[in-house]
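So you can see what is in the structure, the chains are spelled out below.
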Amino acid sequence: MEEYPVDMPDLIRTFRTEEDCLSYLRKLRWPEGYVCSRCKSREHWVRNRGLTLCRKCGYESSVTAGTLFQDTRKPLRLWFQAIWYVVSQKNGVSALGLQKAVGLGGYHTAWEWLHKLRRAMVRQGRDKLSGVVEVDETFIGGERSGKRGRGAEGKSLIFIAVEEMEHGLGRIRLSMLDNAASNTLIKAVQESVEPGSTIRSDGWDGYNRLPDYGYVHKPIVHKNAVDGDATPLTHRVAALFKRWWLGTHQGAISPEHLRYYLDEFTFRFNRRTSRSRGKLFLRLVEQAMHIEPVPAKSLKHKI
Ligand SMILES: [Zn+2]
């Protein structure tokens, strides 16, 4: 299904009622038509409130069960508007911005929704990067923690992988690292890059064993400053991430939430040239249907 609204007025027109939203979700959940999860029968009755009753075994299933939208007490219409707002703002949104745009009652709800949606921004089983991929690590944060003089404490180490394209930056993957040890780095590469790809690094020893794992490794070693930047693509992505982090979020992301912001940045970055916001809306709703519910209790209100 590739149905999506083209703009905000279209969204409002298309999803006037709760039933409109539910039937959209139903098509995403069962694109080939409803199948009973208990007896596999296709015979069913559609009831209201997103419930479907199997005509054969009587099993009742909810279209939102086991998804991000499970147990929500707010209308799906508002969720759809929130998702539209999130994908239509190029640089991301703050909880306050979302609260105002959608007319959510409280700041905390907006804050919670943004955190939940971030968890839907990474597609399960997504493709890995391939071709020529540049990798590097960078430190984020810590400057404001006041823990001066304790080295990297308060900072988070981020792994960056960028596909090289003819005209610059391709797709990216970002993840958090516990350290810059060889095993950690190789695992990070394996999680984000297809074996057989060529990996370019700045020559840090940690990447030396990559050929043992099926990668072609091309370390670029600095001999002197004239050689220039060994890994310019990752440095550009790191600079863009830091600018976004300082601009949209004022540098105030706690380490426990950082990986979800990396996911949000990746989601936005990899789709930055997409002209269709509607398609992004569809992707995010689709992915929200494929992730487990995120209990509010699991989100600590720390920013
Ligand atoms: Zn059944």
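Look above for the structure.
Basis of the calculations
Residues numbered from 1 in each chain as written. Predicted model: local features only at pLDDT ≥ 70, side-chain atom pairs only at ≥ 80, totals over all residues. Heavy atoms only, no water. Pairing = 2+ DSSP bridges. Helix = DSSP H or I, 4+ residues; strand = E, 2+ residues; numbered from the N terminus. Phe/Tyr/Trp six-rings, centres within 6.5 Å; stacked < 30°, edge-to-face > 60°. Buried < 20%, exposed > 50% of the residue type's maximum accessible area, 1.4 Å probe, protein only. Donors = N, O, S within 2.8 Å, 3.2 Å for Na, K, Ca; no water. Expected span 1.5 Å × (residues − 1). Contact = heavy atoms within 4.5 Å. Core = buried A, V, L, I, M, F, W, Y, C linked by side-chain atoms within 4.5 Å. Axes fitted to C-alpha atoms, helices over the stretch in contact; angles between N-to-C directions.

Caption draft 1: Structural context of the pairing of strand E2 (residues 51-54). Across 3 bridges, the pairing between strand E1 (residues 44-46) and E2 is antiparallel. Paired with Trp45 across the two strands is Leu53, which belongs to E2. Here E1 folds back onto E2 in antiparallel fashion, the turn holding 4 residues, of which Arg49 has a positive phi close to 60 degrees. Direction of pairing for E2 relative to strand E3 (residues 60-62): antiparallel, over a ladder of 3 bridges. Residue pairing across strands places Leu51 opposite Ser62, the latter belonging to E3.

Caption draft 2: The packing of aromatic side chains, seen in detail. On inspection of all chains with the given rule, the structure shows 15 aromatic pairs. For the pair Phe69 and Trp79, a centre-to-centre distance of 5.6 Å together with 80 degrees between the ring planes defines the contact as edge-to-face. Taken together, the positions of Phe69 in the loop between E3 and helix H3 (76-88) and Trp79 in helix H3 put the pair 10 residues apart, joining distant regions of the chain. The burial state of Phe69 is the same as that of Trp79; both residues are buried.

Caption draft 3: Structural view of the coordination of the zinc ion. Only Cys36 (SG), Cys39 (SG), Cys54 (SG) and Cys57 (SG) from the protein coordinate the zinc ion, and they sit 2.3 to 2.4 Å from it. Along the chain, the residues that donate to the zinc ion are spaced as C-x2-C-x14-C-x2-C. Of this pair, Cys39 sits in the loop between helix H2 (18-29) and E1 while Cys57 sits in the loop between E2 and E3; the two residues are 18 residues apart in sequence, bridging distant segments of the chain. Residue classification places Cys39 among the partly exposed residues on the basis of a relative accessible area of 25%.

Caption draft 4: Molecular detail of H2. The terminal C-alpha atoms of H2, which comprises 12 residues, lie 16 Å apart, in line with the 16 Å expected from a rise of 1.5 Å per residue. The elements touched by buried residues of H2 are E1, E2, H3 and helix H9 (277-288).

Caption draft 5: Representation of H9 in the model. Taking 1.5 Å of rise per residue, 12 residues should cover 16 Å, and H9 covers 16 Å from first to last C-alpha, within 8% of that figure. Contacts made by the buried residues of H9 are with helix H1 (8-14), H2, H3, helix H5 (107-119) and helix H8 (255-270).

Caption draft 6: Seen up close, the nonpolar core. Ranked by internal contacts, the top residues of the largest apolar core, which has 47 residues, are Leu25, Phe69, Phe80, Leu98, Phe281 and Val285. Every element with two or more residues in this core is listed here: H2, H3, helix H4 (95-102), H5 and H9. A per-element tally of this core places H3 first, with 10 residues. Excluding its chain neighbours within four sequence positions, the residues that come into contact with Leu25 are Val63, Thr64, Phe69, Leu76, Phe80, Val285 and Met289.

Caption draft 7: Molecular detail of the sheet that holds E2. Here 3 strands make up an open sheet; going across it, the order is E1-E2-E3 and the pairing antiparallel. The two strands at the open ends of the sheet, each matched to only one other strand, are E1 and E3. Mean inter-strand twist for the sheet, computed between neighbouring axes without regard to direction, equals 25 degrees.

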